[in-house]
Amino acid sequence: SENQYGHYDRQFTKLTDAGAKVTYFSSSHGFYIHAKVMEVDEGTSRAQMYVGSENFTTNSLRLNRELGIVLTGKSVLSSVARTFAGDFSKATPFH
């Protein structure tokens, strides 16, 4: 499973200590979700969402060709949030 050896425990702990919800998804069928999503100011008029493939490392952000987009608009945010909520419901939470 993803993070089975605890490689990301230090980073996950920093994120959860700051209030983030961290989950990871593994499948016996080889399905792998590489996408990341961050919701900011959810439920306010300033709500935004980042969706992308980028890892938040120097290599991914400066050297690799990865993509991400910032979304706004209540209907778009709701639609994406529903899709990811379905994925998260099958994910393993980091404790």
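Structure's up top.
The text that follows walks through the structure, step by step, so that each part is easy to find.

Definitions and limits used
Residues numbered from 1 in each chain as written. Predicted model: local features only at pLDDT ≥ 70, side-chain atom pairs only at ≥ 80, totals over all residues. Heavy atoms only, no water. Core = buried A, V, L, I, M, F, W, Y, C linked by side-chain atoms within 4.5 Å. Buried < 20%, exposed > 50% of the residue type's maximum accessible area, 1.4 Å probe, protein only. Helix = DSSP H or I, 4+ residues; strand = E, 2+ residues; numbered from the N terminus. Contact = heavy atoms within 4.5 Å. Salt bridge = Lys/Arg side-chain N within 4 Å of Asp/Glu carboxyl O. Patch = residues over 30% accessible without salt bridge, like charges linked within 9 Å, V, L, I, M, F, W, Y side chains within 5 Å. Areas by Shrake-Rupley, 256 points an atom, 1.4 Å probe, with all protein chains shown as cover. Pairing = 2+ DSSP bridges. Axes fitted to C-alpha atoms, helices over the stretch in contact; angles between N-to-C directions. 1 Å grid on protein atoms, 1.4 Å probe; cavity = no way out; pocket = protein on both sides within 12 Å on 5 of 7 lines; lining within 4 Å. Points joined across faces, edges and corners; volume = space filled by probe spheres on them. Nonpolar A, V, L, I, M, F, W, Y, C, P; charged D, E, K, R; others polar.

All right, on to the nonpolar core then. Ala47, Met49, Val51, Leu71, Leu77, Val80 and Phe84 form the largest nonpolar core, which has seven residues in total. Counting only elements with at least two residues in this core, the list comes to strand S3 (48-52) and helix H3 (74-89). The element that contributes the greatest number of residues to this core is H3, accounting for three residues. Discounting chain neighbours no more than four positions away, the residues touching Val80 are Met49, Val51 and Leu71.

This brings us to the pattern of salt bridges. On inspection of all chains with the given rule, the structure shows one salt bridge. We note a salt bridge from Arg46 to Asp41, for which the minimum N-O separation is 3.6 Å. For Arg46, a relative accessible area of 53% translates into the label exposed. Since its relative accessible area comes to 33%, Asp41 is described here as partly exposed.

Taken together, Met38, Val40, Phe56 and Leu61 make up a surface patch of nonpolar side chains, about 380 Å² in accessible area. Tracing the sequence through the fold places Val40 in strand S2 (residues 36-40). With relative accessibility at 43%, the residue Val40 sits in the partly exposed group.

In this section: the sheet that holds S2. Spatial ordering of the open sheet is given by S2-S3-S4, a layout of three strands whose pairing is antiparallel. The outermost strands of the open sheet, each flanked by one partner alone, are S2 and strand S4 (68-71). Each adjacent strand pair in this sheet contributes to an overall mean axis angle of 15 degrees, direction not counted. With four bridges connecting them, S3 and S4 associate as antiparallel partners. Bridging from a neighbouring strand, Gly52 pairs with Gly68 of S4.

Right, let's talk about the layout of surface pockets for a bit. Computed from the structure, the second largest pocket encloses a volume of approximately 240 Å³. In this structure, the second largest pocket is lined by 15 residues; those nearest its centre are Glu42, Gly43, Ala47, Lys74 and Leu77. For the lining of the second largest pocket, the secondary-structure elements that each account for two or more residues are S2, S3 and H3. The element best represented in the lining of the second largest pocket is H3, accounting for four residues. Considering only residue class, the lining of the second largest pocket consists of five nonpolar, six polar and four charged.

To continue, consider the environment of Gln4. Within the fold, Gln4 resides in the segment before helix H1 (9-17). Taking relative accessible area as the criterion, Gln4 reaches 47% and is therefore assigned partly exposed. Spatially, the C-alpha atoms of Gln4 and Tyr50 are 27 Å apart, while their sequence positions differ by 46 residues.

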